[in-house]
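The chain contents come next:
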Amino acid sequence: MECGNHYKPKRTAHIMLIFRNLTNEQAQQISWQTQQITPLLPAPDYAAAMLRSGGTVFVILDQETVIGLLAMEHGVTDSKPPCGIVAQLVVLPAHRRQSLGRMLMGLAANDAAAHAVWFLAGNVPDTPDAAAFANAIHMKQVDWLDGLSVLDLSDVDGLRYG
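Model, not experiment: these values are computed from the prediction. (Residues numbered from 1 in each chain as written. Predicted model: local features only at pLDDT ≥ 70, side-chain atom pairs only at ≥ 80, totals over all residues. Heavy atoms only, no water.)

### Some points on the overall build of the protein chain
A count of helical and extended segments in the protein chain gives five helices and seven strands. For the protein chain, the α and β elements follow one another from N to C terminus as β-α-α-β-β-β-α-β-α-β-β-α. Sorting the 162 residues of the protein chain into buried and exposed places 40% on the buried side. Considering only contacts in the protein chain between residues 6 or more positions apart, those separated by 24 or more positions represent 59%. When the accessible surface of the protein chain is totalled, it reaches about 10300 Å², and 52% of it is carbon and sulfur. (Helix = DSSP H or I, 4+ residues; strand = E, 2+ residues; numbered from the N terminus. Buried < 20%, exposed > 50% of the residue type's maximum accessible area, 1.4 Å probe, protein only. Contact = heavy atoms within 4.5 Å. Areas by Shrake-Rupley, 256 points an atom, 1.4 Å probe, with all protein chains shown as cover.)

### Overview of unusual backbone geometry
Residues other than glycine seldom take positive phi values, yet glutamine 63 does so here, at roughly 60°. Looking at the secondary structure, you find glutamine 63 in the loop between strand 2 (56–62) and strand 3 (65–76). Positive phi, close to 60°, is recorded for alanine 116, a residue that is not glycine. Mapped onto the fold, alanine 116 is located in the loop between helix 3 (100–114) and strand 5 (119–122). Alanine 116 sits in the exposed class, given a relative accessible area of 51%.

### Description of the confidence of the model for the protein chain
Mean pLDDT over the protein chain stands at 83; residues scoring 70 or higher make up 83%. By mean pLDDT, helix 5 (residues 157–160) is the weakest element of the protein chain at 62, and strand 2 is the strongest at 93. Counting contacts from residues 1–12, a segment whose pLDDT is below 50, to residues more than four positions away or on other chains yields zero contacts. (pLDDT = per-residue confidence, 0-100.)

### Re the layout of surface pockets
Size it by volume and the largest pocket reaches roughly 840 Å³. Lining the largest pocket are 28 residues, with Leu89, Arg96, Asp129, Ala130 and Phe133 sitting closest to its centre. Within the residue set of the lining of the largest pocket, elements represented by two or more residues are strand 4 (84–91), helix 3 and helix 4 (128–136). Among the residues forming the lining of the largest pocket, the class breakdown is 16 nonpolar, eight polar and four charged. (1 Å grid on protein atoms, 1.4 Å probe; cavity = no way out; pocket = protein on both sides within 12 Å on 5 of 7 lines; lining within 4 Å. Points joined across faces, edges and corners; volume = space filled by probe spheres on them. Nonpolar A, V, L, I, M, F, W, Y, C, P; charged D, E, K, R; others polar.)

### Overview of the nonpolar core
Where a protein is soluble and globular, its nonpolar side chains tend to be buried together. Membership of the largest hydrophobic core comes to 38 residues, with the highest contact counts inside it found for Trp32, Val57, Leu69 and Leu120. Among the secondary structure elements, those contributing two or more residues to this core are helix 2 (46–52), strand 2, strand 3, strand 4 and helix 3. Ignoring anything within four residues of it in the chain, the contact list for leucine 120 reads Met72, Gly84, Val86, Met105, Ala108, Ala109, Ala112, Met139, Ser149, Val150, Leu151 and Leu153. (Core = buried A, V, L, I, M, F, W, Y, C linked by side-chain atoms within 4.5 Å.)

### Looking at the pairing of strand 4
With six of eight residues buried, strand 4 is to be regarded as a mostly interior element. In the sheet, strand 4 pairs with strand 5 via two bridges, with the strands oriented parallel. For isoleucine 85, the partnering residue across the bridge sits in strand 5 and is alanine 121. (Pairing = 2+ DSSP bridges.)

### Quick look at the side chain of glutamine 35
Counting through the fold element by element, glutamine 35 comes out in the loop between helix 1 (24–29) and helix 2. A polar contact is formed between the side chain of glutamine 35 and the backbone oxygen of glutamate 64, at a distance of 3.0 Å. Excluding residues within four positions of it along the chain, glutamine 35 makes contact with Ile30, Glu64, Thr65 and Val66. (Polar contact = N/O pair within 3.5 Å; in protein donor to acceptor, adjacent residues only side chain to side chain.)

### Remarks on helix 3
With 15 residues, helix 3 ought to run about 21 Å at 1.5 Å a step, and its terminal C-alpha atoms sit 21 Å apart, in line with that. Among all positions in helix 3, only Leu100, Gly101, Arg102, Leu104, Met105, Gly106, Ala108, Ala109, Asp111 and Ala112 are buried. Alanine 116, located one to two residues past helix 3, shows a positive phi value of around 60°. (Expected span 1.5 Å × (residues − 1).)

Written out as structure tokens, the structure reads:
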């Protein structure tokens, strides 16, 4: 005897995020004018300008949409020990609190370590969310680098677990 109802599993959308170390060519292919993240950046051509100056730009893409960006300057501070500089870290508000910022910082940490730099430094905006993120990844103010917070790359637990 057959019931008229057949079980049909619900289809769920599978989101596949792409983490990319942008090249100049890839940055030019992104339509930055239509990206939701662009107003959160210092300038509409920020990624391309950072790459032209020799920096590194990591992005998180959800299909064609940039939902996260980290820009890192290759030059290190004159401080002892030397620090790589995270110039910008932005995740779209709808995608925050999902460890995407932590993943971007992990990519930056790997890049810095490949250049024998064991500290990342950056300006933490004076907002509760930014302060909570910096605290969660163990990024702290230090006496030897005025005005910037520092992430000691030997403290990987901050990037893994918070």
